[in-house]
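Secondary and tertiary structure notes
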Amino acid sequence: MACMLPQAKSTAINPLKSSQPLGAAFAFLGVDGAVPLFHGSQACNSFALVLLVRHFKETIPLQTTAMDELVTILGGEDRLEEAILNSKARAEPQFFAVCTTALVETGDDDTTCDLANTKLKRAREHTGTEVVLANAPEALEEGWSKAVTAIVDRIARPGKQKPDPKKVGDIRDLGAATKCMGTGEHMRRPAEALQRLTAVPYVLFESLAGLKNADRFVLLLTTLTGEQAPAKVLRARMQLQDAMLDGHFHLGGRKIAISAEPDQLLQLSNFFVGMGAKISAAVTTTGTLQKVPAETVQAGDLCDLKRLSAGAHLLVTHSHGRPAAERLAIPLMHAGFPVFDTSGSQHKLKILYQGTRDMIYEVANIMQADQHPQTPDALDPVCNRGL
């Protein structure tokens with residue numbers, strides 16, 4: 001069981017945390033027709049937008065209330081109302097997702113009351129559009145959790161609802177589900193909210209990476225459906241077993257340094273330990289992670305990761321960890337958000353049988369590339385004699 005070390009510095013020099021409302025925007029963007037709206041300054045929106053665009057290499061529809069000094073002092077209700085109405089007139093979204101930023105939270109604005117007043121004054125303009133609020137969270141995963149909880153609280157209803165062709169209609173029908181399945185501790189709060197509102201029971205998976213976790217997931221699905229796992233799933237499981245056999249030669253006994261959000265840190269740590277590696281450094285943003293298979297878990301930033309990673313064989317974090325990897329001459333495996341110095345990271349699967357298999361091969365290839373290549377001259381003594 002790991003010992004959790006609290007943040008000891010008064011400031012983060014090379015932050016591990018991403019923008020506070022960014023995790024909420026991630027979840028909101030998964031709803032069809034949604035428009036995330038950052039309630040704060042233009043800079044708050046720009047920072048998150050830059051990270052999203054660099055990671056996905058696509059345009060991202062983030063809106064902002066663009067609060068200035070005067071609005072910050074006097075209150076942002078009018079600016080919030082104006083931003084919602086303007087965006088509705090331009091894009092006609094089905095779903096408005098308001099994410100408060102640190103600027104609004106520090107000013108102690110009552111955004112819930114502001115939204116209620118806006119809906120009351122502009123009831124006709126709000127017709128046909130759901131508006132959900134997520135207050136500024138602590139970190140990326142926490143933001144996702146608060147956003148999903150807000151969606152469930154606002155939209156989900158018990159039982160089967162009237163047919164609704166929108167994606168929002170699917171969320172409203174969550175009360176007709178047989179079982180809710182969540183992944184990671186940060187999803188416990190949304191699952192509990194759904195159970196409270198609709199009486200749908202839930203099961204929480206610590207992770208979906210690795211053979212045991214994937215087996216548990218498939219077993220649950222076969223139990224709920226009463227059907228056997230398809231042949232392609234069984235084949236994927238055998239491929240993972242083969243990859244584990246091949247991969248342990250490259251990972252056995254290696255020291256791994258990881259920096260990630262809490263649930264992702266737990267997932268990655270268990271994956272590497274399951275392959276015979278040792279977690280020599282573990283750094284996260286917040287929370288308590290005694291389950292991480294490491295001696296200590298440091299709440300901190302990427303400077304802490306650099307300080308703790310001496311002697312490691314592999315560094316695992318997002319693209320902002322590349323300078324540390326280069327200074328320490330340690331190979332880097334990309335994980336988390338943002339990843340902007342390689343292409344296609346958003347399409348990589350790292351869970352269940354196929355995703356775990358591919359992750360094993362990715363790590364094995366990184367380890368092999370870091371070794372000195374063997375040349376024919378080094379292998380053939382005849383070549384060395386010049387014969």
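Description of the structure in this document. (Residues numbered from 1 in each chain as written. Predicted model: local features only at pLDDT ≥ 70, side-chain atom pairs only at ≥ 80, totals over all residues. Heavy atoms only, no water.)

1. A closer look at the overall build of the protein
In terms of helices and strands, the protein carries 18 helices and 12 strands. Expressed as a percentage of the 387 residues in the protein, the buried residues total 46%. Look at the contacts in the protein between residues 6 or more apart in sequence, and 63% of them connect residues 24 or more apart. Of the roughly 19,500 Å² of accessible surface on the protein, 55% is carried by carbon and sulfur atoms. (Helix = DSSP H or I, 4+ residues; strand = E, 2+ residues; numbered from the N terminus. Buried < 20%, exposed > 50% of the residue type's maximum accessible area, 1.4 Å probe, protein only. Contact = heavy atoms within 4.5 Å. Areas by Shrake-Rupley, 256 points an atom, 1.4 Å probe, with all protein chains shown as cover.)

2. What about a nonpolar patch on the surface?
Where nonpolar side chains cluster on the molecular surface, the patch consists of Met 181, Leu 221 and Leu 224 and spans about 220 Å² of accessible area. Mapped onto the fold, Leu 221 is located in helix α11 (residues 211–225). (Patch = residues over 30% accessible without salt bridge, like charges linked within 9 Å, V, L, I, M, F, W, Y side chains within 5 Å. Salt bridge = Lys/Arg side-chain N within 4 Å of Asp/Glu carboxyl O.)

3. Some remarks on the environment of Arg 322
Along the chain, Arg 322 turns up in helix α15 (residues 322–328). C-alpha separation for the pair Arg 322 and Met 333, spaced 11 residues apart in sequence, amounts to 9.3 Å. Apart from residues lying up to four places away in sequence, Arg 322 is in contact with Leu 332, His 334 and Asp 341. A distance of 2.5 Å separates a polar atom in the side chain of Arg 322 from a polar atom in the side chain of Asp 341. (Polar contact = N/O pair within 3.5 Å; in protein donor to acceptor, adjacent residues only side chain to side chain.)

4. Points about the packing of helix α8 (residues 140–155) against helix α10 (residues 188–198)
At a minimum axis separation of 8 Å, α8 and α10 run at an interaxial angle of 10 degrees. Here α8 is positioned roughly parallel relative to α10, judged by the angle of their axes. Viewed along their axes, α8 and α10 form a crossing whose handedness is right-handed. Residue-level inspection shows Glu 142, Ser 145, Lys 146, Val 148, Thr 149, Val 152 and Asp 153 of α8 in contact with α10, the latter providing Arg 189, Pro 190, Ala 193, Leu 194, Arg 196 and Leu 197. Looking at the contact of α8 with α10 residue by residue, the classes come out as 6 nonpolar, 2 polar and 5 charged. (Axes fitted to C-alpha atoms, helices over the stretch in contact; angles between N-to-C directions. Parallel < 35°, antiparallel > 145°, perpendicular 65-115°, else oblique. Left-handed = near helix turned anticlockwise from the far one by under 90°. Nonpolar A, V, L, I, M, F, W, Y, C, P; charged D, E, K, R; others polar.)

5. Section: the pairing of strand β6 (residues 180–183)
Alternating residues of β6 divide into Cys 180 and Gly 182, all buried, and Met 181 and Thr 183, none buried. Of the strand pairs in this sheet, β6 and strand β7 (residues 202–205) are connected by 4 bridges, and their pairing is parallel. Pairing of Gly 182 across the sheet is with Leu 204, part of β7. Running through α10, the crossover from β6 to the neighbouring parallel element β7 is right-handed. (Pairing = 2+ DSSP bridges. Right-handed = clockwise from strand over helix to strand, strands pointing away.)

6. Looking at the nonpolar core
Grouped together as the largest cluster of nonpolar side chains are 37 residues, with contacts concentrated most on Phe 28, Phe 95 and Ile 151. Sorting the residues of this core by element identifies α1 (22–28), β2 (34–39), α2 (42–56), β4 (95–100), β5 (130–134), α8, α9 (167–172) and α10 as the ones contributing at least two each. Here this core gets 7 residues from one element, more than from any other, and that element is α8. Those residues in contact with Phe 28 that sit more than four places away from it in its chain are Ala 34, Pro 36, Phe 95, Ala 97, Val 98, Cys 99, Val 132, Ala 134, Ala 147 and Ile 151. Within the second largest apolar cluster, 34 residues are counted, among which are Leu 211, Ala 214, Leu 240 and Leu 266. (Core = buried A, V, L, I, M, F, W, Y, C linked by side-chain atoms within 4.5 Å.)

7. Some remarks on the sheet that holds strand β3 (residues 63–64)
Strand order across the open sheet formed by 4 strands is β3-β2-β4-β5, with parallel pairing between neighbours. Of all strands in the sheet, those bounded by a partner on one side alone are β3 and β5. Contacts between α8 and the sheet are confined to β4 and β5, with β5 contributing the most and set at about 140 degrees to the helix.

8. Some words on the environment of Gln 228
Counting through the fold element by element, Gln 228 comes out in the loop between α11 and α12 (231–251). For Gln 228, a relative accessible area of 76% gives the class exposed. Remark: the alpha-carbon pair of Gln 228 and Val 218, spanning 10 residues in sequence, is separated by 9.4 Å.

9. Quick look at the pattern of salt bridges
Applying the stated criterion to the full structure yields 12 salt bridges. Taking the shortest distance from any N to any O, the salt bridge between Arg 172 and Glu 130 comes out at 2.8 Å. On the criterion of sequence distance, the pair formed by Arg 172 in helix α9 and Glu 130 in strand β5 is long-range, its members being 42 residues apart. Note on accessibility: Arg 172 and Glu 130 belong to one class, buried. Between Arg 188 and Glu 185 there is a salt bridge, with its nearest N and O atoms 2.5 Å apart. Among the residues examined, Arg 188 registers a relative accessible area of 29% and is labelled partly exposed. For Glu 185, a relative accessible area of 45% gives the class partly exposed. Via salt bridges that share partners, Glu 130, Arg 154 and Arg 172 belong to a single interconnected network.

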